[in-house]
Every structure is written in structure tokens, then in C-alpha cells.
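The residues making up each chain are set out below.
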Amino acid sequence: VLLAAAPLAAARFSQGDSVQVTGVITGQQGRPLSDVRVTFDATLSYFSVRKFQGTQTDEIRRVPAMTDAAGQFTLQWPWDSYFNHFELMVGVPVRKARQDSLVELAREDITRRLQGGSPVVASLVVSNQKAQFVAKLRELLASIQSDDERRVYDEMGKPDKVERVVYPGRTEVSWWYFDAGRVYRFQDGHLEQVVPFEPVKS
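These notes cover the structure that comes with them.

Scoring rules and cut-offs
Residues numbered from 1 in each chain as written. Predicted model: local features only at pLDDT ≥ 70, side-chain atom pairs only at ≥ 80, totals over all residues. Heavy atoms only, no water. Salt bridge = Lys/Arg side-chain N within 4 Å of Asp/Glu carboxyl O. Helix = DSSP H or I, 4+ residues; strand = E, 2+ residues; numbered from the N terminus. Pairing = 2+ DSSP bridges. Axes fitted to C-alpha atoms, helices over the stretch in contact; angles between N-to-C directions. Contact = heavy atoms within 4.5 Å. Buried < 20%, exposed > 50% of the residue type's maximum accessible area, 1.4 Å probe, protein only. Arc of directions from axis to C-beta. Core = buried A, V, L, I, M, F, W, Y, C linked by side-chain atoms within 4.5 Å. Phe/Tyr/Trp six-rings, centres within 6.5 Å; stacked < 30°, edge-to-face > 60°.

## Points about the pattern of salt bridges
Step number 1: Applying the stated criterion across every chain yields a total of 14 salt bridges.
Step number 2: Notably, a salt bridge pairs Glu-108 with Arg-113, separated by 2.7 Å at the nearest N-O pair.
Step number 3: The salt bridge partner of Arg-151 is Glu-155, with a shortest N-O separation of 3.9 Å. With Arg-151 and Glu-155 both in helix 2 (residues 147-156) and four residues apart, this pair spans about one turn of that helix.

Dropping the structure here:
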């Protein structure tokens with residue numbers, strides 16, 4: 001037996017009304033995070049008598065946005081009374097094994113904030129550790145210049161570890177993929193060697 005939870009914001013909006021969600025994404029030091037993805041997730045939450053706990057359906061309605069140079073974002077969602085639980089998620093796409101997946105940086109439940117009507121203002125703070133992850137990812141992407149590096153990144157995705165050694169007249173870079181058991185060695189952007197080793201599971 002399922003008892004559906006009543007939408008908290010139902011009295012505020014009519015079906016199809018445009019709901020604006022806006023805010024800013026920053027690190028713990030207050031520095032804005034630009035060009036990160038913000039996703040508004042709408043789901044149906046209900047109480048299951050059989051399980052005697054709250055749960056959610058698998059159906060999700062998503063609206064994406066990107067932050068600007070000041071870390072600000074704005075998105076619009078057409079109100080649908082079917083949904084009653086709303087969250088904001090901040091993430092960055094990361095390439096891994098020929099596909100991109102979204103790495104979550106922060107998440108916040110904004111269901112009660114919709115009771116105040118539109119616009120809904122929500123500011124999320126990303127931890128220092130995850131902000132550093134974004135910085136290192138962008139540093140890696142900016143360093144990829146050669147066709148060999150682009151090809152390996154497309155096939156293998158983000159390396160687990162990057163080693164860079166600068167010699168007089170040349171630079172050697174090693175990309176380590178522990179799960180795959182391979183290290184790719186580049187010299188001045190050209191792939192020189194692929195060294196296999198016993199895979200190390202994360």
C-alpha cells in the first residue's frame with residue numbers, strides 16, 4: 001500500500017506555471033565556481049506502508065543549467081503537480097572508458113523553499129576537496145594539446161594519476177590507469193610507450 005505525500009507547494013503554483021530557480025555556486029572560501037553543471041531534479045516521494053519508510057519513484061524530471069563566470073545560474077521549470085520532491089545537484093562531466101559521467105559535487109533539498117513561490121533562491125557550497133578536484137580536472141584538460149593525448153583521453157578518460165617530469169629540452173608525462181593496469185608515457189605530447197602492470201582496483 002502506498003500513501004502519496006501531498007505536494008508542499010501545490011497551493012503556490014498552477015499546472016504549467018513557470019518556476020524560476022536561481023542562485024550561485026561557490027567553494028568554501030566563497031570563490032565562485034564557473035562552468036559547472038547545475039541540475040534541478042523533480043521526483044515523486046511517498047510513504048510505503050509495506051516498507052514503513054519514505055521512498056521515491058524511479059521517474060525523474062531534470063532541468064540542467066550552467067554557472068557563469070560569477071558562479072551564478074538560472075533555470076526554469078514548468079510546474080507539474082505530479083512531483084513533490086525537488087533537489088539541486090552540482091556536478092562536472094568526467095570522461096571514463098569512452099563515456100562521460102557526471103561527478104556530483106554538492107546536493108541540496110529545496111522542496112520547502114518552493115513554498116515561498118518563484119523565484120526560488122538557493123546557493124550551494126562545494127567542499128574544498130571537490131573544488132580542488134575540479135581545478136585539477138581543468139588543469140588536465142587544458143594540458144591536452146596533441147592528437148595522441150586527445151585519442152588516449154577519448155579512449156581511457158581521466159587518468160587516476162598524472163606524473164610530469166621536465167628535462168632540458170623535453171617534457172615527459174605519464175598517465176596512470178590503475179583499474180586498467182596501464183600507464184601511457186608521452187614525450188612532448190607524443191605517445192612513446194604503453195606499459196602494462198597488474199591492475200589495482202579502486
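Resuming the write-up.
## A short note on the sheet that holds strand 13 (residues 190-196)
Pairing between sheet strands relies on hydrogen bonds along the backbone, with the strands arranged either parallel or antiparallel.
Step number 1: If you trace the four strands from one edge of the open sheet to the other, you get 10-11-12-13, paired in antiparallel fashion. Both outer strands of the open sheet, strand 10 (161-167) and strand 13, are each paired with one neighbouring strand and no more. Averaged over all adjacent pairs, the angle separating strand axes in this sheet is 15°, with direction ignored.
Step number 2: The sheet contacts of helix 2 involve strand 11 (170-177), strand 12 (182-187) and strand 13, and relative to strand 12 the element is tilted by about 165°.

## Section: helix 2
Step number 1: When we look at burial in helix 2, the residues that qualify are Glu-149, Val-152, Tyr-153 and Met-156. On an axial view of helix 2, the arc spanned by its buried residues comes to 100°, and they lie on one face.
Step number 2: The secondary structure elements touched by the buried residues of helix 2 are strand 6 (85-96), helix 1 (128-143), strand 11, strand 12 and strand 13.
Step number 3: Downstream of helix 2 by a residue or two, Gly-157 has a phi angle that is positive, lying close to 85°.

## Section: the pairing of strand 6
Step number 1: Taken across its twelve residues, strand 6 has ten buried, putting it largely inside the fold.
Step number 2: Here strand 6 pairs with strand 7 (residues 99-109) via ten bridges, running antiparallel. What sits directly across from Met-89, in strand 7, is Arg-107.

## Looking at unusual backbone geometry
With the exception of glycine, most residues fall at negative phi, and the peptide bonds are largely trans.
Step number 1: Looking along the chain, the bond that leaves Ser-118 and enters Pro-119 is cis, with omega of 5°.
Step number 2: Along the polypeptide, Pro-119 turns up in the loop between strand 7 and strand 8 (120-121).
Step number 3: The phi angle at Asp-35 is positive, at roughly 55°, despite the residue not being glycine.
Step number 4: Not every positive phi belongs to a glycine, and Asp-188 is a case in point at roughly 50°.
Step number 5: Mapped onto the fold, Asp-188 is located in the loop between strand 12 and strand 13.
Step number 6: What makes Asp-188 partly exposed here is its relative accessible area of 43%.

## Here we look at the nonpolar core
Step number 1: Counting 42 residues, the largest nonpolar core has Ile-25, Phe-40, Trp-77, Phe-86, Leu-88, Ile-110 and Trp-175 as the members making the most contacts within it.
Step number 2: Here this core gets five residues from one element, more than from any other, and that element is strand 6.
Step number 3: Excluding its chain neighbours within four sequence positions, the residues that come into contact with Ile-110 are Val-21, Phe-40, Phe-86, Glu-87, Leu-88, Val-120 and Ala-122.

## A word on the packing of aromatic side chains
Step number 1: In this structure the tally under the stated criterion is 13 aromatic pairs.
Step number 2: Each ring, one from Tyr-177 and one from Tyr-184, has its centre 5.8 Å from the other, and the planes form 90°; the classification is edge-to-face.
Step number 3: You can call Tyr-177 buried: its relative accessible area is 2%.
Step number 4: Members of the aromatic cluster, each reached through a chain of ring pairs, are Phe-13, Phe-40, Trp-77, Trp-79, Tyr-82, Phe-83 and Phe-86.

## Focus on the environment of Val-134
Step number 1: Within the secondary structure, Val-134 is located in helix 1.
Step number 2: Given the relative accessible area of 2%, Val-134 is considered buried.
Step number 3: Along the backbone, Val-134 and Val-36 are 98 residues apart, and their C-alpha atoms lie at a distance of 8.9 Å.
Step number 4: Sequence-distant contacts of Val-134, defined by excluding residues within four places in its chain, comprise Val-92 and Leu-105.

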